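# Structural description and commentary
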Amino acid sequence: MPARDGGLCRVKLPGGRLTAGQARAIAAASERWANGVLELTNRANLQLRGIRPDGAVALVAELQGAGLGPADPAADDVRNLLLSPAAGRDPQQLCDVRPLAAELLALLEGDRRLHGLSPKFALQLDGGEALARLDHPHDVWLSARAEGYVLGLAGTPQDVPVALIPEGREVATVARLLHRFLDLASPEQGRMRQLLAQHPAEGLLAGLDLLPVPASPRAPAEIALRLGSHPQRQAGFHWVGAQPALGRLPAASLAAVADLAERLGKDELHLTPWQGLLLPDVPADKALELLTALANLALTTDPAAPLARLVACTGSAGCAKGQADTKGDALRLAERLPADVEVHLSGCPRSCALAGQAPHTLLAVAPGRYDLFVRDATLPGPGRRRATQLSLDEAAAWLARSPSDA
Ligand code: SF4
């Protein structure tokens, strides 16, 4: 699709996974046909930007030749299924969601009527892992409990589960639910929240043979596990997580990470929904060597580092809607970011870089000028507006004065 800085190509990765060979293919295609920098998205996908007008067809062919993309091109947009990047390896998980994830992806790809879902319509499959993104309820979500999977819908009160799915009925239930959604939703109601604003959830769920929600709660998540080295449930192995500054990774660095995955881990890279990546199955005695190598590639592995606490969208450098150069401003803000403060810089209200509310949001209103919001779950959008038209210096001073305001 076109963008201010040239063509944009989003590569949807099943469950956020790609092989080292696929990572090298993406890196090579980016250098040959695009701007040589990959963007890691908050849906655990990759984007190539700055694609030359004469390169789009060849680029897509190269990516498909590497086994990226769906068997049916019409299915590409709907392959939105988020897993924990540590699924199958997280010591806290109640179950390994990967086999069910494969079945759900096959459903989304194989059922042609589901290709009519909005490209933004997304599913989440949660196995109870400690490393999990739980701050943004997906349109449809399944979460493991001791009794089985509970079902949730974005837009229900407090976003709590609505039912327990009978064991073994997960795929059939999701299929019937998605068809029911398509039956009921108008063209303007592409997302679950929009439909539930007009239709009670009971009508959507009627006849799906669901069970009452069990009382057992979900164990807490710990997103600091996205960075650094952490033991897997498989004895003697760690995963190692890292993120490039503001989710932008030079193609040469992606190729180097792929080489590291092959040499020190498994032939696999997992993208995370925090614009980072995770290398699994690293022998414990190799983890330090890998952390050092990732740091040498300018990737952050410390959750306390300023760049691990900043998120920014593409901004005016690449997006026509951007009111400010959010990525450039975020790099400047990193030098002055107070300890423990997390900030999201958004070029416009669409909030492409972060689906939920950040503790602090700087929403661009003009080049170098931002309105400042603090998280408030009772309000939509970025939260409560606390200051307007701040320069970057003024925003840094405000954050230093009021770091616990959120
Ligand atoms: S949030 Fe707005 S400015 Fe930023 S990338 Fe999305 S549309 Fe563009």
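What counts and what doesn't
- Residues numbered from 1 in each chain as written.
- Predicted model: local features only at pLDDT ≥ 70, side-chain atom pairs only at ≥ 80, totals over all residues.
- Heavy atoms only, no water.
- Core = buried A, V, L, I, M, F, W, Y, C linked by side-chain atoms within 4.5 Å.
- Buried < 20%, exposed > 50% of the residue type's maximum accessible area, 1.4 Å probe, protein only.
- Helix = DSSP H or I, 4+ residues; strand = E, 2+ residues; numbered from the N terminus.
- Contact = heavy atoms within 4.5 Å.
- Salt bridge = Lys/Arg side-chain N within 4 Å of Asp/Glu carboxyl O.
- Near = heavy atom within 4 Å.
- Nonpolar A, V, L, I, M, F, W, Y, C, P; charged D, E, K, R; others polar.
- Domains from an automatic or database assignment.
- Pairing = 2+ DSSP bridges.
- Axes fitted to C-alpha atoms, helices over the stretch in contact; angles between N-to-C directions.

### A look at the nonpolar core
General note: in soluble globular proteins, nonpolar side chains tend to be found buried as a group. With 42 residues, the main nonpolar core has V11, I26, L46, L48, L63 and L269 as its most contacted residues. For this core, the element with the highest residue contribution is helix α7 (residues 251–264), accounting for seven residues. Leaving out residues up to four positions away in the same chain, L63 has contacts with C9, V11, I26, A29, L48 and L68. Ranked by size, the runner-up nonpolar core spans 38 residues in total, among them A87, L178, F181 and M192.

### Digging into unusual backbone geometry
The bulk of non-glycine residues show a negative phi, and the bulk of peptide bonds are trans. The phi dihedral of D209 falls on the positive side, at around 55°, and the residue is not glycine. Among the secondary structure elements, D209 is positioned in the loop between α6 (201–205) and β11 (228–231). Judged by its relative accessible area of 55%, D209 falls in the exposed class. Positive phi values are uncommon outside glycine, yet S351 reaches one of about 55°. With respect to the helices, strands and loops of the structure, S351 is situated in the loop between β17 (343–346) and β18 (360–366).

### Quick notes on the pattern of salt bridges
On inspection of all chains with the given rule, the structure shows 25 salt bridges. Among the salt bridges present, the one from R133 reaches D135, with a minimum N-O distance of 2.8 Å. You can call D135 partly exposed: its relative accessible area is 41%.

### Side note on the site of the ligand
Surrounding the ligand, one finds C313, T314, C319, K321, G322, S346, G347, C348, R350, S351 and C352. Among the residues forming the shell around the ligand, the class breakdown is four nonpolar, five polar and two charged.

### Structural notes on the domain arrangement of the chain
For interface size, the figure often reported is the accessible area lost on association. For the chain, the assigned domains read domain 1 (2–75 + 223–303), domain 2 (94–127 + 135–205) and domain 3 (307–401). If you average the C-alpha positions of domain 2 and of domain 3, the two centres end up 31 Å apart.

### Details of the sheet that holds β18
As summarised here, the arrangement of the five strands in space is β16-β17-β18-β19-β20, forming an open sheet in which the pairing is mixed. Taken across any chain shown, the strands that pair with only one partner, and hence form the sheet edges, are β16 (310–312) and β20 (384–390). This sheet shows a mean twist of 20° between the axes of neighbouring strands, independent of strand direction. Examined bridge by bridge, β17 and β18 share four bridges and lie parallel to one another. Bridge pairing links L345 to L362 in β18. Its contacts with the sheet put helix α10 (residues 392–401) on β17, β18, β19 (369–374) and β20, and the angle it makes with β20 is roughly 145°.

### Describing the pairing of strand β5 (residues 46–51)
Most of β5 is tucked away, with six of its six residues classed as buried. Two elements, strand β2 (residues 6–11) and β5, share four bridges in a ladder whose sense is antiparallel. From the neighbouring strand, R10 faces β5, where its bridge partner is Q47. Where strand β4 (residues 37–40) lies against β5, three bridges are found, and the strand directions are antiparallel. Paired with L40 across the strands is L46, a residue of β5. Between the antiparallel neighbours β4 and β5 lie five residues, among them A44 with a positive phi of about 60°.

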